Amino acid sequence: MKYLILSGGTWAEYEYKRLLDLLPEREEVCFVGRMSSEEQSSSQIKAITVAAIHSLNAEDYTMLVSSPYWLSEALSIQAGYVVALLEHCPEKENKQLWEKYSSLLGAMADLVGTRSERIYLELSLHREYVLYLAGDQQESYGVVYQGDRLYFLTDYEVLWRKALEALWQQLSTPSYEWETIQLELRADYYLTMCVKLPSQPVVHYLAASYLYLLGDRAASRYLAHSLELMILHDYLDCLHSHFRFFSAIEAKLGNLETAVQQYAITAITAEEKVELERMQRLLHTGEDELVRAELFRVNEDEAAAIRILQPLSSLDAKALLIRNYTRTFQWEKALELQYELEGAVDGAMEGTLHLLYGRRHDAIRSFLNAVGQNNEAWPLLSEMADLEEAVREMKRRVEG
Amino acid sequence: MNSHRWPLRKSSGNRLTAMMQVKNESGRYLEQVLEELSEFVDEIVIVDDGSTDDTAQLCRSFAKVTQLVTLESSLFNHEWELRQTLWNLAVSTNPDWLLSVDADEFYEETAKHEIRRLINQDVYDWVAFRFFDFWGGTTHYREDEHWNIHMKHTRTLVRYLPNFHYFYPKMNHHVPRLPLSYAILPGFLAELRVKHYGWAVSPEELKLKYSRYLALDPEGRWGSLEQYHSILDEQPHLVEWKE
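Throughout what follows, the structure given in this document is the object of discussion. Every value quoted in this text rests on a predicted model; they were computed, and no experiment measured them.

### Description of the pattern of salt bridges
All names here are of chain A.
- For the structure on display, the rule yields 45 salt bridges over all chains.
- Across the pair Lys100 and Glu383 runs a salt bridge, and its minimum N-O distance is 2.7 Å. Here the residue Lys100 occupies a position in helix α4 (residues 95–108), and Glu383 occupies one in helix α20 (residues 377–398), the gap between them amounting to 283 residues. Side by side, Lys100 and Glu383 carry an identical accessibility label, which is buried.
- Taken together, the shared-partner salt bridges in this structure form one network comprising Glu93, Glu389, Arg392, Glu393, Arg396 and Arg397.

### Overview of the interface of chain B and chain A
- Tallying the contact residues gives 20 residues for chain B and 23 residues for chain A.
- A combined buried area of about 1,900 Å² lies between chain B and chain A, and 68% of that area is made up of carbon and sulfur atoms.
- A per-residue breakdown of the area chain B buries against chain A is headed by Trp6, His165 and Ile184 of chain B, which together make up 39% of the total.
- Linking chain B with chain A are zero salt bridges, by the criterion used here.
- Remark: the boundary between chain B and chain A carries four residue pairs in polar contact (both at pLDDT 80 or more).
- Looking at the side of chain B that touches chain A, its residues break down into twelve nonpolar, five polar and three charged.

### A look at a nonpolar patch on the surface
Residues and elements named next belong to chain A.
- A surface patch of nonpolar side chains, about 430 Å² in accessible area, is lined by Val143, Tyr145, Leu150 and Phe152.
- When residues of the nonpolar patch are traced back to their parent elements, those giving at least two are β8 (142–146) and β9 (149–153).
- Among the secondary structure elements, Val143 is positioned in strand β8.
- Taking relative accessible area as the criterion, Val143 reaches 49% and is therefore assigned partly exposed.

Rules used throughout
- Residues numbered from 1 in each chain as written.
- Chains lettered and ligands numbered in written order.
- Predicted model: local features only at pLDDT ≥ 70, side-chain atom pairs only at ≥ 80, totals over all residues.
- Heavy atoms only, no water.
- Salt bridge = Lys/Arg side-chain N within 4 Å of Asp/Glu carboxyl O.
- Helix = DSSP H or I, 4+ residues; strand = E, 2+ residues; numbered from the N terminus.
- Buried < 20%, exposed > 50% of the residue type's maximum accessible area, 1.4 Å probe, protein only.
- Contact = heavy atoms within 4.5 Å.
- Buried area = accessible area lost by both parts, 1.4 Å probe.
- Polar contact = N/O pair within 3.5 Å; in protein donor to acceptor, adjacent residues only side chain to side chain.
- Nonpolar A, V, L, I, M, F, W, Y, C, P; charged D, E, K, R; others polar.
- Patch = residues over 30% accessible without salt bridge, like charges linked within 9 Å, V, L, I, M, F, W, Y side chains within 5 Å.
- Areas by Shrake-Rupley, 256 points an atom, 1.4 Å probe, with all protein chains shown as cover.

Printed below as a string of structure tokens:
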């Protein structure tokens, strides 16, 4: 397998060197940016220029992208597979811009890896194929020879290799096995921590989160303990963050009426009350799948909502699907459905996608059209300029 | 009991249930408290923590006392269990709102008149009042460094929300009268007053109460030793109560 590495900086700064050493079925690895001949020789990685990317037969490559500012390039290259390596916003970057385009990169990638547990958990609620590239297990989970070198692998390094292999095989044999293994490892870790730190609400909350993702009803018990500890420690702003989570757990267990009532307890704002009324209507008309999807969505588990809604063909289901696609930055799917249902699309989303596909004039037209809708063209045009400058700056950095 | 209730927060027609725990209240304020409660609540639920006098009989004489459970052995030294027992009994009646009352607490007239307006709304789930510790009699309340509970609000009126997570801290003493988890729900701080007659007793009884407190908590684990000692202050600062 050939790999193309698009980093956010120089080779010296690249933080995933060991993961490159462990790439499965590693043949050619190209790093976009400057490397000394000694660096190339010792790493067995070839340096190429930005311009040279387009001369590669991209569909043979699995592309590892670790800056959101490569997104436009990544879309135009059309590599065989795209792996996004997402990071928190570096200090010198524009946070809003970084997070928006990281989310878009994360949504379009075939596989997402991250060293941040927060990003890992958030993305696990947005989509499939998310890998946590860090861990707390000290022991070795296996060994691998790459050439004549022997590597002792950590748990996530084993899963990194499994995830890439599964990626290539997913069309023929869909496999989520590695995702479950990782969730189980994280759940086990936090269950152990709950014993060691019995009065830490965060530890119990994380245990509940992983158990929930695994569909384990014990999630409820750990969440209850976490909520109680929050209150005992006088952290009282936890009605939405903690108590509402019970409604997602109950929805997963199929207890819809209880789940809706739990959501109702947290429905305080006018907007939340409208959501509640819709859920109650759906509940009374027996649209259980839509109720479940909505309960997952209001708990920010859009991935679960999408899994329910995708096979449904009703207009209500499609309308809800648009909301979930939009929130998870799956904007191409959102616009396609929006056009099918409404005959028009959201100008801001459409413009952003035009921009990413290099259709600058179409992007400006869409942004200007968005003015009529909600007066947001100017910030979007300004963001466009910021993005172009960020891309230029990144390329300057990469090429030294 | 129907655990799924729609609408969850009713803005009219709410029933109000008072909940009390009592023990050997004969000859004190219980009768007067039950008389007053009978004027403005719909139902009264009581746990008798093993009284050896005629407290239970007195409770039964009030028509609005619909539930009375007498414990065979006192849970006084396991207060969270006592609170939990009363809570379970109260919610078994599927109430709309619950008012937690002690056998020596009196809601001022305005509060009694306002209470329906306080519960027939869909915005907040609890109401807190200002409690005043009456001292040595029923004309003055105490106000000083150690006796100033009226400076804060005390949550005693709560909406019952089926499927909410209710819990009491598992402590033997000084357990809050209502589940702590109400603290995360929206609430209302009312400027309405409640008279607490627990200290409206003779100097001899004050001395007895002081001795009981110290015997129960000699190291000040559950409360402040300074406050215990202040029970014996010879000239506490008292303020006249005005209706």
